[in-house]
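# Structural features, examined
The primary structure of each chain is shown beneath.
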Amino acid sequence: MPLTMNKDVFITAAITGSGSTQDRSPHVPRSPKEIADSAIAAAKAGAAVVHCHVRDPETGVPSRKTEYYRELTDRIRESEVDMVLNLTAGMGGDIVFGGVESPLPTAAGTDMVGATERMAHVIECRPEICTLDCGTMNFAEADYVMTNTPGMLRAMGQMMTDAGVKPEIEAFDTGHLWFAKELVKEGVLTSPALVQLCMGVPWGAPNDLNTFMAMVNNVPDDWNWSAFSLGRDQMPYVAASVLAGGNVRVGLEDNLMLGRGNLATNEMLVSHAKGIIESLGANVIGPDAVREKLGLTKRAPV
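Residues numbered from 1 in each chain as written. Predicted model: local features only at pLDDT ≥ 70, side-chain atom pairs only at ≥ 80, totals over all residues. Heavy atoms only, no water.

Before going further, it helps to spend a moment on unusual backbone geometry. Pro105 follows Leu104 through a cis peptide bond whose omega is 5 degrees. When you line up the elements, Pro105 lands in the loop between β7 (93-96) and β8 (111-112). For the bond running from Ser191 to Pro192, omega is 0 degrees, close enough to zero to count as cis. Mapping Pro192 onto the fold places it in the loop between α6 (174-186) and β13 (194-198). Backbone geometry places Arg126, a non-glycine residue, at a positive phi of 50 degrees. Position of Arg126 among the secondary structure elements: in the loop between α4 (120-125) and β9 (129-133). (Helix = DSSP H or I, 4+ residues; strand = E, 2+ residues; numbered from the N terminus.)

Shown next, in the form of structure tokens:
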């Protein structure tokens, strides 16, 4: 297996995520303004792409309110710092079962809505990229399931294609890549596609290098891809991704620290990742180069 290092790398900063991290670090942004400010700082540090969720400004609890996404988008688009905007479309597919003896009715935390509602903020805000979690998966929580049926993914994927928004296929295991290739084959998604390899997320693909390379080798040669892992494995995966031919993702969605006990900001994580990339002899490319590479168009919200 030859070493096919990527020489022109883009960094995605995953700004805040949908996990319950809001009370674990003061640097996790909550309001649309805080999320936008953190995205701008990450872009100044070298991130070409910012991947954004939104949260309730008061509680920090993850949200999917369109008005929060619109405020975030307006603040980013009106800033003097250019960046590729990547909004999540992963919310609205959450099932929390009632327990092993009485799974129904579902419990608090369940949030299941239709494809149109899951895509409403994407259609209005018109980011260059939005995510498509390409499968259903158990997570670490005992009774929680991230639910994305083939029918739902076909519907959402077609909406993304019709809206001119590039799907970022979130692949948490090899079967997700298998289905993503089927979506391209069916014409729901266009080729070359964009993939994010999500490593080490319980209970998806473990983040050992054998599994990682199995994932990499299942990405078609003409597709573009990035990868990440969680916590202390975030920075090692910066190097691993570049060496394997991909791009990188860092940020507070996946990791709160830069070294043991040192709570980080998004810009700190991006700056550190940039240093790793450049120390390997690769270049960190900016948003215009990413748009050209991925065939993206920057547009104002509706």
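After presenting the structure, the write-up continues.
A few words on the packing of aromatic side chains. Using the criterion set out here, one finds 4 aromatic pairs in the structure. On the numbers, 6.1 Å between centres and 65 degrees between planes, the contact of Phe139 with Phe172 is edge-to-face. On the criterion of sequence distance, the pair formed by Phe139 in the loop between β10 (137-138) and β11 (144-146) and Phe172 in the loop between β12 (166-171) and α6 is long-range, its members being 33 residues apart. Overall, Phe139 belongs to the buried group, its relative accessible area being 19%. With a centroid separation of 6.1 Å and 70 degrees between ring planes, the pair formed by Phe212 and Trp225 is classed as edge-to-face. Here Phe212 is found in helix α7 (residues 209-216), whereas its partner Trp225 is found in strand β14 (residues 224-228), with 13 residues between them in sequence. In this pair, the class of Phe212 matches that of Trp225, namely buried. Following the ring pairs from residue to residue traces out a cluster consisting of Phe139, Tyr144 and Phe172. (Phe/Tyr/Trp six-rings, centres within 6.5 Å; stacked < 30°, edge-to-face > 60°. Buried < 20%, exposed > 50% of the residue type's maximum accessible area, 1.4 Å probe, protein only.)

To continue, consider the sheet that holds β10. Across the sheet, which stays open at both edges, the 4 strands sit in the order β8-β7-β11-β10 with antiparallel pairing between neighbours. Edge positions in the sheet fall to β8 and β10, since each has one partner strand and no second. Two elements, β7 and β11, share 3 bridges in a ladder whose sense is antiparallel. Considered in β11, the bridge of Val96 is made with Tyr144. (Pairing = 2+ DSSP bridges.)

Interaxial distance between helix α1 (residues 32-45) and helix α2 (residues 66-78) falls to 9 Å at its minimum, and their mutual angle equals 35 degrees. As α1 runs across α2, the sense of the crossing is right-handed. Across the interface between the two elements, Pro32, Lys33, Ile35, Ala36, Ala39 and Ile40 from α1 touch Tyr68, Glu71, Leu72, Arg75 and Ile76 from α2. Classifying every residue of the contact of α1 with α2 gives 8 nonpolar, no polar and 3 charged. (Axes fitted to C-alpha atoms, helices over the stretch in contact; angles between N-to-C directions. Left-handed = near helix turned anticlockwise from the far one by under 90°. Contact = heavy atoms within 4.5 Å. Nonpolar A, V, L, I, M, F, W, Y, C, P; charged D, E, K, R; others polar.)

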